[in-house]
Amino acid sequence: MTGTKPTLATAALTGCFGCHMSLLDIDERILELVDLVDFDKSPFDDKKSFDGPVDVGFIEGGCSNEANVRELREFRQHCRILISVGACAINGGVPAMRNTIGLRECLEAVYLHGPSLEGGGMIPNDEDLPLLLDRVYPSHEIVKIDYFLPGCPPSADAIWATLTALLTGQPPALPYALLKYE
Ligand code: SF4
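Rules and cut-offs
Residues numbered from 1 in each chain as written. Predicted model: local features only at pLDDT ≥ 70, side-chain atom pairs only at ≥ 80, totals over all residues. Heavy atoms only, no water. Salt bridge = Lys/Arg side-chain N within 4 Å of Asp/Glu carboxyl O. Buried < 20%, exposed > 50% of the residue type's maximum accessible area, 1.4 Å probe, protein only. Phe/Tyr/Trp six-rings, centres within 6.5 Å; stacked < 30°, edge-to-face > 60°. Helix = DSSP H or I, 4+ residues; strand = E, 2+ residues; numbered from the N terminus. Polar contact = N/O pair within 3.5 Å; in protein donor to acceptor, adjacent residues only side chain to side chain. Contact = heavy atoms within 4.5 Å. Near = heavy atom within 4 Å. Pairing = 2+ DSSP bridges. Axes fitted to C-alpha atoms, helices over the stretch in contact; angles between N-to-C directions.

Structural notes on the pattern of salt bridges
Item 1. The full count for this structure, using the stated rule, is 12 salt bridges.
Item 2. For the salt bridge of Asp46 with Lys48, the shortest nitrogen-to-oxygen distance reads 2.5 Å.
Item 3. The exposed category is assigned to Lys48, whose relative accessible area is 60%.
Item 4. Taken together, the shared-partner salt bridges in this structure form one network comprising Asp40, Lys47 and Asp51.

Some points on the packing of aromatic side chains
Item 1. This structure, assessed with the given rule, holds 2 aromatic pairs.
Item 2. Taking 5.9 Å as the distance between ring centres and 85 degrees as the angle between the ring planes, the aromatic pair formed by Phe39 and Phe44 counts as edge-to-face.
Item 3. Relative accessible area serves as the criterion here: at 31%, Phe44 is assigned to the partly exposed category.
Item 4. A centroid spacing of 4.9 Å and a plane angle of 70 degrees characterise the contact between Phe50 and Phe75, whose relative ring orientation is edge-to-face. In this pair, Phe50 is assigned in the loop between strand E2 (38–39) and strand E3 (54–60) and Phe75 in helix H3 (residues 66–78), connecting sequence segments 25 residues apart. Neither Phe50 nor Phe75 differs from the other in exposure class; each is buried.

Focus on the side chain of Ser64
Item 1. Among the structural elements, Ser64 can be located in strand E4 (residues 63–65).
Item 2. Polar contacts involving the side chain of Ser64 include one to the side chain of Thr14, which spans 2.6 Å.
Item 3. Setting aside chain neighbours within four positions, we find Ser64 in contact with Thr14, Arg98, Leu132, Leu133, Arg135 and Val136.

Some thoughts on the environment of Leu33
Item 1. Relative to the assigned elements, Leu33 resides in helix H2 (residues 29–36).
Item 2. The spacing of Leu33 and Leu163 is 130 residues in sequence and 9.0 Å in space, taken between C-alpha atoms.
Item 3. Leave out the neighbours within four places in its chain, and Leu33 touches Leu23, Ile26, Phe39, Trp160 and Leu167.

Remarks on the site of the ligand
Item 1. Neighbouring the ligand are the residues Gly15, Cys16, Gly18, Cys19, Glu60, Gly86, Ala87, Cys88, Gly151, Cys152 and Pro153.
Item 2. Considering every element that reaches the shell around the ligand, the biggest residue donor is helix H4 (residues 86–91), with 3 residues.

What to know about the sheet that holds strand E1 (residues 7–12)
Item 1. In space, the 5 strands of this open sheet follow the order E2-E1-E3-E5-E7, with parallel pairing throughout. On the outer flanks of this sheet lie E2 and strand E7 (147–149), each paired with one strand and no other.
Item 2. Bridge count between E3 and strand E5 (residues 79–85): 6 bridges; the pairing is parallel. For Val54, the partnering residue across the bridge sits in E5 and is Cys79.
Item 3. Packed on one face of the sheet, helix H6 (residues 156–167) meets E1, E3, E5 and E7 and runs near 155 degrees to E3.

Shown next as structure tokens:
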């Protein structure tokens, strides 16, 4: 623990923000959570960089581009415990369906042959855009992951039980009823 309170950071990589929404589904327990932790880098507080070492990192989404890989490695460097939250972080999830299609074929289907395109299109090539990877990678293929919390998304109760255990120095032990993969 880095200060008087444990710290929590969260990241949304190639996901849909549904796992972050499920965390918010803890409803009024959010007041207990803000009493329990200080948030560091997270979309919740719109903090773009780390203040220092963090106790628990919550990773939503797999890695589909180079920016995802940079952020995931940054989380691994800063977080003592890293959790893969949700199907996308654990196995690539729905976005990994693109792994069955070649990257160029995928880009051409969207940007050159999309049915709503008028007068032809072009594959975006602005240098500010992160380059796509050859496929979508689960987070544990990029960095070491300490815990996996399945579900699409995991329920608010499963997220609550996991976070409160880890943030208070306990190993998470979820009842069977809180485990799901859809
Ligand atoms: S696991 Fe499901 S809810 Fe979570 S980011 Fe992926 S698609 Fe969204």
